[in-house]
Amino acid sequence: MDIQVRKLSLKDYNDLIDSMNQAYGGVGSLWTRNHIKDLIGMFPDGQLCVEVDGRVVACALAIVIDTQKTDITHPYREIIAEGTFSTHDPEGNVLYGIEVFVHPEFRDLRLGRRLYDARKELCEHWNLKGILAGGRLPKYHEHADELTPRQYIEKVKRKEIYDPALTFQLANDFHVKKILKNYLPGDTESREYATLLEWNNIYYEPKTRAASPTKKNIRLGLVQWQMRTFRDVQAFHEQVEFFVDAVSGYGADFVLFPEFFNTPLMEPYNHLPTTEAMRELAKLTEQTQQQIQQLAVSYNVNIIAGSMPFVDEANKLYNVSYLCHRNGKTEEYRKVHITPNETKYYGMYGGDEVRVFDTDCGKVGILICYDVEFPELGRILADQGMQILFVPFLTDTQNGYIRVRNCAQARAIENECYVAIAGSVGNLPKVNNMDIQYAQSAVFTPSDFAFPNNAVKAEATPNTEMVLVVDVDLNLLKELNQYGTVKNLFDRRKDLYRVSLNK
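This structure is a prediction, so every number in the text was calculated from the model and none was measured.

Enquirer: I'd love a proper account of the overall build of the chain, names of residues and values included.
Expert: Along the chain, the regular secondary structure elements total 13 helices and 23 strands. Radius of gyration (C-alpha) of the chain: 29 Å, far over the 23 Å computed for a compact globule of 503 residues. Reported as C-alpha extents along the three principal axes, the dimensions of the chain are approximately 95 × 50 × 40 Å. Looking at the 503 residues of the chain, the share that counts as buried comes to 50%. Contacts in the chain between residues far apart in sequence, at least 24 positions, make up 70% of those at least 6 positions apart. Put simply, the chain shows about 23200 Å² of open surface, and 47% of that area lies on carbon and sulfur atoms. Once the 56 positive and 67 negative side-chain charges of the chain are each reduced to a mean point, those two points are 2 Å apart.

Enquirer: Account for the packing of helix H7 (residues 233-248) against helix H9 (residues 285-298), with residues named and values stated.
Expert: H9 packs onto H7 with a crossing angle of 30° between their chain directions and a minimal axis gap of 11 Å. With respect to H9, the element H7 is oriented roughly parallel. With respect to the hand of their crossing, H7 and H9 are arranged in right-handed fashion. Every residue of H9 that contacts H7 at Val233, Phe236, His237, Val240, Glu241 and Val244 is listed here: Gln287, Thr288, Gln291, Ile292 and Leu295.

Enquirer: Talk me through H7; I want residue IDs and the actual numbers.
Expert: In this model, H7 (16 residues) spans 22 Å end to end at C-alpha, consistent with the 22 Å of a helix rising 1.5 Å per residue. All of the buried residues along H7 are Val233, Ala235, Phe236, His237, Gln239, Val240, Phe243, Val244, Val247 and Ser248. Residues of H7 that are buried sit in contact with strand E8 (217-227), strand E9 (254-256), H9, strand E10 (302-304) and strand E23 (466-473).

Enquirer: How would you sum up the pattern of salt bridges? Please name residues and give values.
Expert: Tallied over the entire structure, the rule returns 34 salt bridges. Two residues, arginine 158 and glutamate 160, come together in a salt bridge whose shortest N-O distance is 3.0 Å. With a relative accessible area of 47%, glutamate 160 lands in the partly exposed category. For the salt bridge of glutamate 465 with arginine 228, the shortest nitrogen-to-oxygen distance reads 2.7 Å. Of this pair, glutamate 465 sits in the loop between strand E22 (456-459) and E23 while arginine 228 sits in the loop between E8 and H7, and the two are 237 residues apart along the sequence. Look at glutamate 465 and you get partly exposed, because its relative accessible area is 27%. Within this structure, Lys329, Glu331, Glu353 and Arg355 form a network of salt bridges that share partners.

Enquirer: Can you tell me about the confidence of the model for the chain, naming the residues and giving the values?
Expert: With 97% of its residues at a pLDDT of at least 70, the chain reaches an overall mean of 92. A low-confidence stretch, residues 208-213 stays under pLDDT 50, and its non-local contacts, those more than four residues away or across chains, total 2 contacts.

Enquirer: Give me the lowdown on the environment of glycine 385, citing residues and values where you can.
Expert: In this fold, glycine 385 is placed in the loop between helix H11 (375-383) and strand E17 (388-392). Residue classification places glycine 385 among the partly exposed residues on the basis of a relative accessible area of 30%.

Enquirer: Go over the nonpolar core with me, naming the residues and quoting the values.
Expert: Formed by 52 residues in total, the largest nonpolar core has its most connected members in Leu220, Ile388, Phe390 and Ile421. Discounting residues that sit within four places of it in the chain, phenylalanine 390 has contacts with Leu220, Phe254, Leu256, Ile304, Val364, Gly365, Ile366, Leu367 and Ala420.

Enquirer: Can you tell me about a negative patch on the surface, naming the residues and giving the values?
Expert: Together, Asp117, Glu121, Glu124 and Glu479 make up a region of like negative charge exposed at the surface. Broken down by element, the residue count for the negative patch peaks at 3 residues, all from helix H4 (residues 111-126). When you line up the elements, aspartate 117 lands in helix H4.

Enquirer: Give me the lowdown on the sheet that holds strand E7 (residues 194-200), citing residues and values where you can.
Expert: An order of E1-E2-E3-E4-E5-E7-E6 is seen for the 7 strands of this open sheet, with the pairing classed as mixed. Of all strands in the sheet, those bounded by a partner on one side alone are strand E1 (3-7) and strand E6 (175-180). Averaged over all neighbouring strand pairs, the angle between strand axes comes to 25°, with direction disregarded. Two strands pair when backbone bridges link them, and E6 and E7 are joined in this way by 5 bridges, in the antiparallel orientation. Looking at the pairing, isoleucine 179 lines up with threonine 195 of E7.

Enquirer: Residue-level account of the pairing of strand E18 (residues 418-422), with values.
Expert: Consecutive side chains of a regular strand alternate in pointing toward one face of the sheet and then the other. With 5 of its 5 residues buried, E18 lies for the most part within the structure. Residue alternation in E18 divides its side chains into two sets, Tyr418, Ala420 and Ala422 and Val419 and Ile421, and both sets are buried. In the sheet, E17 pairs with E18 via 5 bridges, with the strands oriented parallel. Within E18, the residue paired with leucine 389 across the bridge is valine 419. The pairing of E18 with strand E21 (residues 442-444) spans 3 bridges and is classified as antiparallel. Note on E21: the bridge partner recorded for valine 419 is phenylalanine 444.

Enquirer: For the side chain of arginine 379, give the residues involved together with the corresponding values.
Expert: Inspection of the secondary structure assignment puts arginine 379 in helix H11. As a buried residue without a salt bridge, arginine 379 has its nearest oppositely charged side chain in glutamate 414, at a separation of 5.1 Å. With near-sequence residues (within four places) excluded, arginine 379 lies in contact with Glu414, Asn415, Leu489, Arg492 and Val499.

Enquirer: I'd like a description of the side chain of arginine 405, backed by residues and values.
Expert: Relative to the helices and strands, arginine 405 resides in helix H12 (residues 398-415). Its relative accessible area of 12% is what places arginine 405 among the buried residues. Each residue touching arginine 405, except ones within four places of it in the same chain, is listed here: Ile421, Gln440, Ala442, Phe444, Val456 and Glu459.

Reading the values: the criteria
Residues numbered from 1 in each chain as written. Predicted model: local features only at pLDDT ≥ 70, side-chain atom pairs only at ≥ 80, totals over all residues. Heavy atoms only, no water. Helix = DSSP H or I, 4+ residues; strand = E, 2+ residues; numbered from the N terminus. Rg over C-alpha atoms; globule rule 2.2 N^0.38 Å. Buried < 20%, exposed > 50% of the residue type's maximum accessible area, 1.4 Å probe, protein only. Contact = heavy atoms within 4.5 Å. Areas by Shrake-Rupley, 256 points an atom, 1.4 Å probe, with all protein chains shown as cover. Lys, Arg positive; Asp, Glu negative; His and termini not counted. Charge placed at Lys NZ, Arg CZ, Asp CG, Glu CD. Axes fitted to C-alpha atoms, helices over the stretch in contact; angles between N-to-C directions. Parallel < 35°, antiparallel > 145°, perpendicular 65-115°, else oblique. Left-handed = near helix turned anticlockwise from the far one by under 90°. Expected span 1.5 Å × (residues − 1). Salt bridge = Lys/Arg side-chain N within 4 Å of Asp/Glu carboxyl O. pLDDT = per-residue confidence, 0-100. Core = buried A, V, L, I, M, F, W, Y, C linked by side-chain atoms within 4.5 Å. Patch = residues over 30% accessible without salt bridge, like charges linked within 9 Å, V, L, I, M, F, W, Y side chains within 5 Å. Pairing = 2+ DSSP bridges.

Below, the structure written as structure tokens:
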């Protein structure tokens with residue numbers, strides 16, 4: 001048997017009319033030769049058929065409409081302009097399916113699914129937002145006396161009732177957008193009701209684009225930083241620039257430094273109490289932040305500047321990460337959850353803002369070390385559209401590192417995103433409370449077929465200074481969200497529980 005999905009031709013009309021009559025049960029034929037000729041003439045890509053052993057036995061017809069100009073809730077005949085198809089708009093945003101039929105003798109071959117797959121590919125090729133179609137409810141008349149259309153649809157969704165049209169549509173990733181009344185006058189089987197069905201193209205890109213459109217393949221550079229003493233601040237900045245230069249040379253979009261990676265500069269204040277020493281270090285933060293922002297522009301790379309101490313106007317000490325965009329913009333995130341160590345030795349305060357950051361590479365989040373051990377934060381960021389989560393961390397022992405690592409990996413799986421963690425290694429014998437470090441920087445992924453089996457994209461050698469350069473594909477996240485084996489974000493029981501910000 002030879003099966004081909006291809007564009008419909010006017011030469012196929014004799015086969016088409018036979019299949020239509022069989023599909024419609026001999027009750028006339030809706031599409032005349034002129035209808036088919038007009039559709040092929042105005043939109044040849046949208047008229048599809050399935051040929052089996054040289055014979056056309058299935059067909060899908062469609063036009064493109066602009067949903068700002070055409071009211072998709074109107075009756076079917078109005079949407080197709082009484083068969084003139086004048087509503088077809090080559091500059092429209094949605095594919096409108098006006099017909100799908102399969103010859104009854106070939107329905108066990110699942111040819112309808114092939115036609116729908118071809119339509120989805122067409123949407124992606126034409127960069128359309130999705131597919132809309134009106135769907136009859138051919139079995140509704142059997143239940144109309146005891147069920148409303150909404151109740152009927154819910155039972156079909158739960159597979160308590162089989163409806164040959166709606167069950168097929170739901171199985172092909174469509175969802176019911178609205179119930180339509182008086183859709184097909186005279187359709188007694190459906191009691192003139194229909195469903196407005198929608199399939200969303202996850203690859204759709206708005207036609208009005210920014211000057212720098214969001215990339216889909218993103219390169220991350222993680223710096224596993226060696227703690228060492230520096231003769232002065234300038235020497236520290238030179239070491240930072242060395243890594244930015246190296247990673248940007250590989251075409252990275254982001255560079256991630258660890259938490260408190262500037263603490264070697266505390267050495268001159270080691271004679272002071274740790275609280276005062278950290279506040280002295282905070283006096284250098286503005287200078288370092290400005291220097292790193294300049295590097296971001298000079299080397300054309302977005303830099304997550306680990307974290308550094310910062311004293312605000314109220315004299316409160318915070319642990320702050322700076323996102324230095326390569327376009328010159330700077331944004332900050334203040335660590336929300338302060339560890340007992342930071343409270344005891346430094347008197348730090350927790351920040352009070354949790355949000356995503358818009359970058360030229362999509363939406364990203366930042367959580368500093370201990371923050372990633374609280375799943376609520378990752379979930380809130382995921383609800384805001386986060387695709388990549390950056391976690392600068394500082395751990396002195398392996399068990400502390402394992403807490404950060406395992407929680408970060410959980411955040412990647414449960415929030416269907418990438419998580420990059422970067423930490424420091426080595427020791428600082430001349431800086432109180434920063435004497436030893438343990439780290440293995442890594443990039444974690446969701447756990448599904450499109451990702452590594454262990455959900456680890458890449459990881460550094462433990463306790464060795466190095467950089468880790470990793471590519472991540474944002475399109476895989478979209479596919480996972482729509483077609484994953486499980487759908488953690490979609491399947492949440494929001495009727496039962498919810499995670500939200502209080503302010």
